[in-house]
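Here is how the chains run, residue by residue.
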Amino acid sequence: MKTDDVKRNRKNPWNKEVKKNWPLYVLCIPALVFVLIFAYGPMVGLVIAFQDYKPWLGMMHSTWIGLDNFARIFQQEEATQAIINTLIIAVIKIIVGVIVPIAMAILLSELRNVGVKKSIQTLVYLPHFLSWVTVAGIMIDILGLDGGINHFLANVFGTKPIFFLGDPGLFRPTVIISDLWKNFGFGMIVYLATITGIDPSYYEAAEIDGATRRQQTWHVTLPTMLPMIIVISTLSLGSILDAGFDQIFNLYNPLVYSTGDIIDTYVYRASLLNGQYGFGTAVGLFKSGISFILIIISYRIAYKVANYKIF
Amino acid sequence: MYHKSKGYKIFSFFNYIFLILIALTCLLPLLHLLAQSFSSKAAVNGDLVSFWPVDFNTESYAKTFNNSNFTGSMLISVIRTVLGTLISMFVITTAGYALSKDFRGRNALMWIFVFTMLFSGGLIPSYILVSSLGLKNTIWALVLPGAFGAYNMILLMNFFKTIPKALEEAAFIDGASFFGIFWRIYLPLSLPGLATVGLFIMVGHWNSWFDGILYMSDTTQYPLASFLQTIVVQGSAQNMALSPSEAAVMSEQSIKAAQIFISTLPIILVYPFLQRFFVKGIVLGAVKE
């Protein structure tokens, strides 16, 4: 009897599995339907990157032009500039976005007063939950020529008004600092949790050996945080072509296209505003393809170095 | 003992000051907005308002709530947030629960879901898809495309995994069915996880502005965040519905400030609840052995 069962299972292992676990399969169906339509569906649409797509002809009848759209990316000065801007903005954002939260987490963990510590935490997490539209609204107001910041600078240093959002040289720093302001608190959470989780006996041992607080931070806190730092920095490599559409779109203007236009904002303008659907899709596919490779590489590194798995 | 050393005391003092100042920079912009929204035109235009209202009045709020464009958008945002959160939660909870179990084909399914985090069709193909499904200018364009989020599902899956299997076995012996176990044991015990993810999704819907601009050709169909984008960023003052006589006495900036503040209020109100849960949620999602 038992060997019979085994035999049947060997022939068709799915039978028994489906009979036993059918509710699990059923529960996956809704998500599967959504993913197939709204995530895999658009991937089919990527074919228009290889077409001279005309909306009225559709995907089936537009002419195929091979890789022409991709070749144009490197001929179009605006497109190459957008790629360069993306890389510069994203790389700086990643670097400060790793260093500042680590530093802030270490500083915050030094506070002994629990009430003050909690209040500070609550406040620094808050901006992360505001939308970029809200933040842009505030920034456009306070960074304007007659806004609060210029007012302050004029009163204290007597400087002439600075056009933060209209000066190509100042646009990138403005974008990076405002992104940092909005997100450093949130980035800090994991580091803070890691520090809280450090076994106090390490510090006690270090103290008995005569280590000062600075030495303790250097030789106990940082090494313990290292795996987490490695994981987060390698994983952020995958977002090297994401310079933040929501933010840039709400802050930029034609005056700062030369330094502020990024791939995603360029795709929006080139395709939806100017009707070059095939070309816009090619730029987007170029971005997704490179990001995909980078994410795979960074996940591998994170797995090798810190034994990190996505699931 | 380092606590007593002079150097550490000096460091500690400056550390407190520094961190309190940083925390204030996160609060002051919002206070500035609030102060502007309650101030008079002369005070706002003369740039006299910092963090406290000057010539206190509530006309900007009266005007904002009398503007049918604003209240209409707000209603659309409320509907979209409620509907979108319910649908999303249903989809990711069911899949997250199933995938927290071991069964044949699980890994293949998992990869199908995770792949969507790594690669996407991008803006134009998504736009074409939504248009050809006939969703443009309907609330479904705002709710359906983003309903499934792999990251949120993985968060929930990890929550479900932390619940001891012995509990499930005991319930099964007591005669509970599969769905009974899911409904009566797993869901109530995962409440912190469900709350974290649910609130993230709610905030996401409330703040989402680009899909409204993309998929609604009629500006009266915009959700609040998209409506606000046209006012705040594109500076289209006519959406504020100010008549010339009103424009003479009311400041555009204080109406803008009132509108931004009202749209941010729900976030500020759910934030204390959100904050209680999300630290644990984030850490659980990121730190895994």
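Residues numbered from 1 in each chain as written. Chains lettered and ligands numbered in written order. Predicted model: local features only at pLDDT ≥ 70, side-chain atom pairs only at ≥ 80, totals over all residues. Heavy atoms only, no water.

The name given to chain B in an unreviewed UniProt entry is ABC transporter permease, with the source organism recorded as Paenibacillus borealis. The Subcellular location (unreviewed entry) field of the UniProt record for chain B holds the comment "Cell membrane". UniProt, in the comment section headed Sequence similarities (unreviewed entry), describes chain B in these words: "Belongs to the binding-protein-dependent transport system permease family." (UniProt positions renumbered as here; feature names shortened; annotations may be inferred.)

Visitor: I keep staring at the nonpolar core and nothing clicks. Help me out?
Guide: One broad trend across soluble globular proteins is that nonpolar side chains are buried collectively. Formed by 138 residues in total, the largest nonpolar core has its most connected members in Phe129 and Met188 of chain A together with Leu99, Phe148, Met153 and Phe278 of chain B. In terms of residue count, helix α9 (residues 168-196) of chain A provides more of this core than any other element does, eleven residues in total. Residues from two domains meet in this core; each of domain 1 (6-46) and domain 2 (62-286) of chain B gives at least three. Beyond its immediate sequence surroundings of up to four residues, Phe278 of chain B is in contact with Tyr125, Phe129, Phe186 and Ile189 of chain A together with Thr196, Phe200 and Tyr271 of chain B. In this structure, Ile83, Ile263, Val267 and Ala282 of chain A belong to the second largest nonpolar core, which totals 20 residues. (Core = buried A, V, L, I, M, F, W, Y, C linked by side-chain atoms within 4.5 Å. Buried < 20%, exposed > 50% of the residue type's maximum accessible area, 1.4 Å probe, protein only. Helix = DSSP H or I, 4+ residues; strand = E, 2+ residues; numbered from the N terminus. Domains from an automatic or database assignment. Contact = heavy atoms within 4.5 Å.)

Visitor: Before we go on, may I ask you to explain the interface of chain A and chain B in this structure?
Guide: The figure often quoted for interface size is the accessible area lost as the parts come together. Facing the 89 residues of chain A at the interface are 93 residues of chain B. Where chain A abuts chain B, roughly 8100 Å² becomes buried across the two surfaces, and 78% of that area is made up of carbon and sulfur atoms. Connecting chain A to chain B are zero salt bridges. At the boundary of chain A with chain B, the tally comes to 16 residue pairs in polar contact (both at pLDDT 80 or more). Considering only residue class, the side of chain A that touches chain B consists of 62 nonpolar, 18 polar and nine charged. (Buried area = accessible area lost by both parts, 1.4 Å probe. Salt bridge = Lys/Arg side-chain N within 4 Å of Asp/Glu carboxyl O. Polar contact = N/O pair within 3.5 Å; in protein donor to acceptor, adjacent residues only side chain to side chain. Nonpolar A, V, L, I, M, F, W, Y, C, P; charged D, E, K, R; others polar.)

Visitor: What's the story with the pattern of salt bridges in this structure? I'm lost.
Guide: Within the structure shown, the criterion is met by ten salt bridges over all chains. Between Glu110 of chain A and Arg213 of chain A there is a salt bridge, and its shortest N-O distance comes to 3.0 Å. A residue pair is termed long-range when its members are at least 10 positions apart, and Glu110 of chain A in the loop between α5 (77-109) and α6 (114-125) and Arg213 of chain A in helix α11 (residues 213-236) qualify at 103 residues. Between Glu168 of chain B and Lys101 of chain B there is a salt bridge, and its shortest N-O distance comes to 2.9 Å. Of this pair, Glu168 of chain B sits in helix α9 (residues 165-173) while Lys101 of chain B is found in the loop between α4 (68-99) and α5 (106-118), placing the two residues 67 residues apart along the sequence.

Visitor: Just checking my understanding: could you explain the packing of helix α2 (residues 13-44) of chain A against α4 of chain B for this structure?
Guide: Between two packed helices, the angle of one axis relative to the other and the distance separating the axes together describe the packing. As a packed pair, α2 of chain A and α4 of chain B sit with axes 8 Å apart at the nearest point and diverge in direction by 135 degrees. Looking at the two axes, α2 of chain A sits oblique to α4 of chain B. Relative to α4 of chain B, the crossing made by α2 of chain A is left-handed. Mapping the contact onto sequence places Leu24, Leu27, Cys28, Pro30, Ala31 and Phe34 of chain A in α2 of chain A and Ile87, Phe90, Val91, Thr94, Ala95, Tyr97, Ala98 and Leu99 of chain B in α4 of chain B. (Axes fitted to C-alpha atoms, helices over the stretch in contact; angles between N-to-C directions. Parallel < 35°, antiparallel > 145°, perpendicular 65-115°, else oblique. Left-handed = near helix turned anticlockwise from the far one by under 90°.)

Visitor: How should I be thinking about the packing of aromatic side chains in this particular structure?
Guide: Two aromatic rings, taken as a pair, are described by how far apart their centres are and by the angle between their planes. All told, the structure shown has 40 aromatic pairs over all chains when counted by the stated rule. Relative to Phe56 of chain B, the ring of Phe38 of chain B has its centre 5.0 Å away and its plane inclined at 15 degrees; by these criteria the two rings are stacked. One end of the pair, Phe38 of chain B, is in the loop between α1 (6-37) and α2 (41-45); the other, Phe56 of chain B, is in the loop between α2 and α3 (59-66), and 18 residues separate them in sequence. Three or more aromatic residues link up through ring pairs in this structure, and these residues are Trp22 of chain A together with Tyr97, Phe160, Phe178, Phe179, Phe182 and Tyr186 of chain B. Looking at Arg213 of chain A, its charged tip hangs above the ring of Tyr203 of chain A, at a distance of 5.1 Å from the centre. The residue whose ring lies beneath Arg269 of chain A is Tyr257 of chain A, and the NZ or CZ to ring-centre distance is 3.9 Å. (Phe/Tyr/Trp six-rings, centres within 6.5 Å; stacked < 30°, edge-to-face > 60°. Lys NZ or Arg CZ within 6 Å of the ring centre and 35° of its normal.)

Visitor: Help me understand the domain arrangement of chain B, please; the structure alone is not making it clear to me.
Guide: All names here are of chain B. Assigned domains within chain B: domain 1 (6-46) and domain 2 (62-286). With nine residues of domain 1 at the contact, the number on the domain 2 side is 13 residues. Here domain 1 and domain 2 share an interface that buries about 820 Å² over both sides, 72% of which is from carbon and sulfur atoms. When the area that domain 1 buries against domain 2 is broken down by residue, the three leading residues are Leu33, Ser37 and Lys41, summing to 54%.

Visitor: Explain the UniProt feature "transmembrane region" (unreviewed entry) in chain B to me, please; I cannot follow it from the model alone.
Guide: Residue and element names in this part refer to chain B. According to UniProt, the feature "transmembrane region" (unreviewed entry) maps to residues 70-99, 111-133, 139-160, 181-206 and 257-274 in the numbering used here. Between the C-alpha atoms that bound residues 181-206 there is a distance of 33 Å. The span itself is 96% helix and 0% strand. The straight-line gap between the two end C-alpha atoms of residues 257-274 is 25 Å; of that span, 100% is helix and 0% is strand.

Visitor: Sorry, what's going on with the packing of helix α10 (residues 200-208) of chain A against α11 of chain A here?
Guide: Residues and elements named next belong to chain A. Two elements in contact, α10 and α11, have axes whose closest approach is 10 Å; the angle formed by their N-to-C orientations is 130 degrees. Here α11 runs oblique to α10, going by the angle between their axes. Relative to α11, the crossing made by α10 is right-handed. Facing α10, whose interface residues are Tyr202, Tyr203, Ala206 and Glu207, α11 presents Arg213, Gln216, Val220 and Thr221.

Visitor: Please clarify how the environment of Gln276 of chain A should be interpreted in this entry.
Guide: Residue and element names in this part refer to chain A. Among the secondary structure elements, Gln276 is positioned in the loop between α14 (263-273) and α15 (277-306). Its relative accessible area of 25% is what places Gln276 among the partly exposed residues. It is 8.6 Å that separates the C-alpha atoms of Gln276 and Lys54, two residues lying 222 residues apart in sequence. Contact partners of Gln276, with chain neighbours within four places excluded, come to Arg72, Ala270 and Ser271.

Visitor: What is the right way to look at helix α6 (residues 123-132) of chain B in this model?
Guide: In an α-helix, one turn spans 3.6 residues; hence positions three or four apart end up facing the same way. Listed in full, the buried residues belonging to α6 of chain B are Ile124, Pro125, Tyr127, Ile128, Leu129 and Val130 of chain B. Contact partners of the buried residues in α6 of chain B: α2, α3 (58-61), α14 and α15 of chain A together with α7 (140-143) and α12 (210-215) of chain B. Just past α6 of chain B, the residue Gly134 of chain B takes up positive phi, approximately 75 degrees.

Visitor: Sorry if this is basic, but what is going on with α1 of chain B here?
Guide: In this model α1 of chain B runs 47 Å from its N-terminal to its C-terminal C-alpha over 32 residues, within 8% of the 46 Å that 1.5 Å per residue would give. The principal kink in α1 of chain B, of about 35 degrees, is found at Leu27 of chain B, preceding the proline Pro29 of chain B by one to four residues. (Expected span 1.5 Å × (residues − 1). Bend = angle between axes of the 7 residues up to and from the residue.)

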